[in-house]
Amino acid sequence: MTSPVRHLPGASALVLDSPHSGTVYPADFSHACEFRVLRRAEDTHVEKLYDFAPGLGVHWIEALFPRSYLDVNRDTTEIDVELFDEEWPGPVATDPTVLSKVRLGKGLVWRTTDEGVPIYQRKLSVAEVQARIAQCWQPYHAAVARAIDTAHAQHGYSIHINCHSMPAVASSYSTDFPGEEHADFVVGNRDETTSSPALGMLVCEHLRELGYSVAYNHPYKGVELVRRYADPDAHRHSIQLEINRKLYMNEETLEPGDGFDALKANLRSLTERLLHTDPRLL
């Protein structure tokens, strides 16, 4: 992989990033589970749903590697120590909420798929995970930080949308709410700590006006990429946006569905609304 991150700089105050839609599987992954099973971990086609964004002047960042190889929406302390053949030398998270995801096999490096299928039949070395952090996590976070800093410097505020998709029904090892039927969209701002309440509600209301069901901060509140780069008091707003895959794809075959184009048009509508929104005035 020559470059693990696609970064297309924009000229607006709006930054979009897709951390989980990558499909370039590195040669050193050496996973044991079936490839078709592993691919279900992807936020499939999210990058295609938003491919209009750079043309509107939006800053765009996209991970080309898969989230099951390294999840850049996790902190580097979210380490599953059971994965290694030796002691991890760096800090390890102790927060119970963070550890709940690690226990599900969804730390910085995944241990299992959303269905609980083991990804590896081997122990990982410290060196290979450190290399993944250096080659994937660090450049991705650097690109997101640079885009937000640039947008804020140019406009006095920034709006960051962290773009995701979710299964229609929560899998057994994906969240703390297995079997839950998801709304069409989940808007997350970590209980209104990563964006202003007004901006969070604007996104919810716009989507509801388009006819979608929308959940707010449940079951997805937003994770590392919105937590790390948000500062609403300084006019840096970050929101995680989850799209129900039933709206645009077949979850078994991973092929785009009949609703793909309509959803894409509505995402463009939301993007254009945000491009004309100054959160300082809400």
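Residues numbered from 1 in each chain as written. Predicted model: local features only at pLDDT ≥ 70, side-chain atom pairs only at ≥ 80, totals over all residues. Heavy atoms only, no water.

Trainee: How should I be thinking about the packing of helix α5 (residues 197–209) against helix α7 (residues 260–275) in this particular structure?
Mentor: A pair of packed helices is characterised by two quantities: the angle between their axes and the separation of those axes. It is at 10 Å that the axes of α5 and α7 come closest, and there the two elements cross at 145 degrees. Between α5 and α7 the crossing geometry is right-handed. Taking contact as the criterion, the partners of L199, L202, V203, H206, L207 and E209 in α5 are, on α7, S269, L270, R273 and L274. Among the residues forming the contact of α5 with α7, the class breakdown is six nonpolar, two polar and two charged. (Axes fitted to C-alpha atoms, helices over the stretch in contact; angles between N-to-C directions. Helix = DSSP H or I, 4+ residues; strand = E, 2+ residues; numbered from the N terminus. Left-handed = near helix turned anticlockwise from the far one by under 90°. Contact = heavy atoms within 4.5 Å. Nonpolar A, V, L, I, M, F, W, Y, C, P; charged D, E, K, R; others polar.)

Trainee: Help me understand unusual backbone geometry in this model?
Mentor: In terms of backbone geometry, most residues other than glycine have negative phi values and most peptide bonds are trans. Omega for the peptide link from H218 to P219 comes to 0 degrees, which places this bond in the cis form. By secondary structure assignment, the location of P219 is in the loop between β6 (214–216) and α6 (224–229). Its identity is not glycine, yet H45 carries a phi of approximately 70 degrees, on the positive side. Even without being glycine, L254 reaches a positive phi, approximately 70 degrees. Here L254 lies in the loop between β7 (236–244) and α7. Judged by its relative accessible area of 10%, L254 is buried. (Buried < 20%, exposed > 50% of the residue type's maximum accessible area, 1.4 Å probe, protein only.)

Trainee: Any chance you could explain the pattern of salt bridges here in plain terms?
Mentor: Here the idea is simple: oppositely charged side chains can pair when their charged atoms come close. Under the defined criterion, the tally for this structure stands at 21 salt bridges. Of the charged contacts in the structure, one is a salt bridge between E62 and R6, with a shortest N-O distance of 3.0 Å. Of this pair, E62 sits in strand β3 (residues 59–63) while R6 sits in strand β1 (residues 5–8), and the two are 56 residues apart along the sequence. For E252, the salt bridge is made with R40, and the minimal N-O distance between the two is 3.1 Å. In this pair, E252 is assigned in the loop between β7 and α7 and R40 in the loop between α1 (35–38) and α2 (46–49), connecting sequence segments 212 residues apart. Accessibility expressed as a relative area gives 29% for R40, which makes it partly exposed. In the salt-bridge network here, residues are joined through shared partners; they are D75, E224, R227 and R228. (Salt bridge = Lys/Arg side-chain N within 4 Å of Asp/Glu carboxyl O.)

Trainee: Mind showing me how you'd approach the side chain of H182 here?
Mentor: Here H182 lies in the loop between β4 (158–166) and β5 (185–188). Assessed through its relative accessible area of 6%, H182 is described here as buried. The contact partners of H182, leaving out residues within four places of it in the chain, are M166, P167, A168, V169, A170, P219, Y220 and N244.

Trainee: Explain the nonpolar core to me, please; I cannot follow it from the model alone.
Mentor: A general tendency of soluble globular proteins is for nonpolar side chains to be buried together. Membership of the largest hydrophobic core comes to 37 residues, with the highest contact counts inside it found for I61, L70, F84, V109 and Y140. Top contributing element to this core by residue count: helix α4 (residues 126–155), with 12 residues. Leave out the neighbours within four places in its chain, and L70 touches F65, L108, V109, R132, I133, C136 and W137. With 35 residues, the next largest nonpolar core counts F185, C204, Y212 and L267 among its residues. (Core = buried A, V, L, I, M, F, W, Y, C linked by side-chain atoms within 4.5 Å.)

Trainee: Please explain the sheet that holds β7 as it appears in this structure.
Mentor: Each strand in a sheet pairs with its neighbour through backbone hydrogen bonds, running either in the same direction (parallel) or in the opposite one (antiparallel). Read across the open sheet, the seven strands follow the order β1-β3-β2-β4-β7-β5-β6; overall the sheet is mixed. Two strands in the sheet have a free side with no partner beyond their single neighbour: β1 and β6. Going across the sheet, the axis of each strand differs from the next one's by a mean of 20 degrees, ignoring polarity. Summarising the sheet, strand β2 (residues 14–18) and β3 pair through four bridges and their orientation is parallel. Residue pairing for β3: L16 is matched across the bridge by W60. Packed on one face of the sheet, α4 meets β1, β2, β3, β4 and β7 and runs near 170 degrees to β3. (Pairing = 2+ DSSP bridges.)

Trainee: Quick question: what am I supposed to make of the environment of V126 here?
Mentor: As for its position among the elements, V126 is in helix α4. Placed 10 residues apart in sequence, V126 and G116 show a C-alpha to C-alpha distance of 23 Å. Once residues lying within four places of it in the same chain are set aside, the contact partners of V126 are F84, E86, E87, W88 and P89.

Trainee: Mind showing me how you'd approach the pairing of β5 here?
Mentor: On β5, burial covers both faces: F185 and V187 on one face and V186 and G188 on the other are all buried. Both β5 and β6 contribute to a ladder of three bridges, which runs parallel. Residue pairing for β6: V186 is matched across the bridge by A215. The β-α-β motif built from β5, the intervening α5 and the parallel element β6 has right-handed crossover chirality. Where β5 and β7 come together, four bridges link them in antiparallel fashion. Residue pairing in the sheet places F185 in a bridge with I243 of β7. (Right-handed = clockwise from strand over helix to strand, strands pointing away.)

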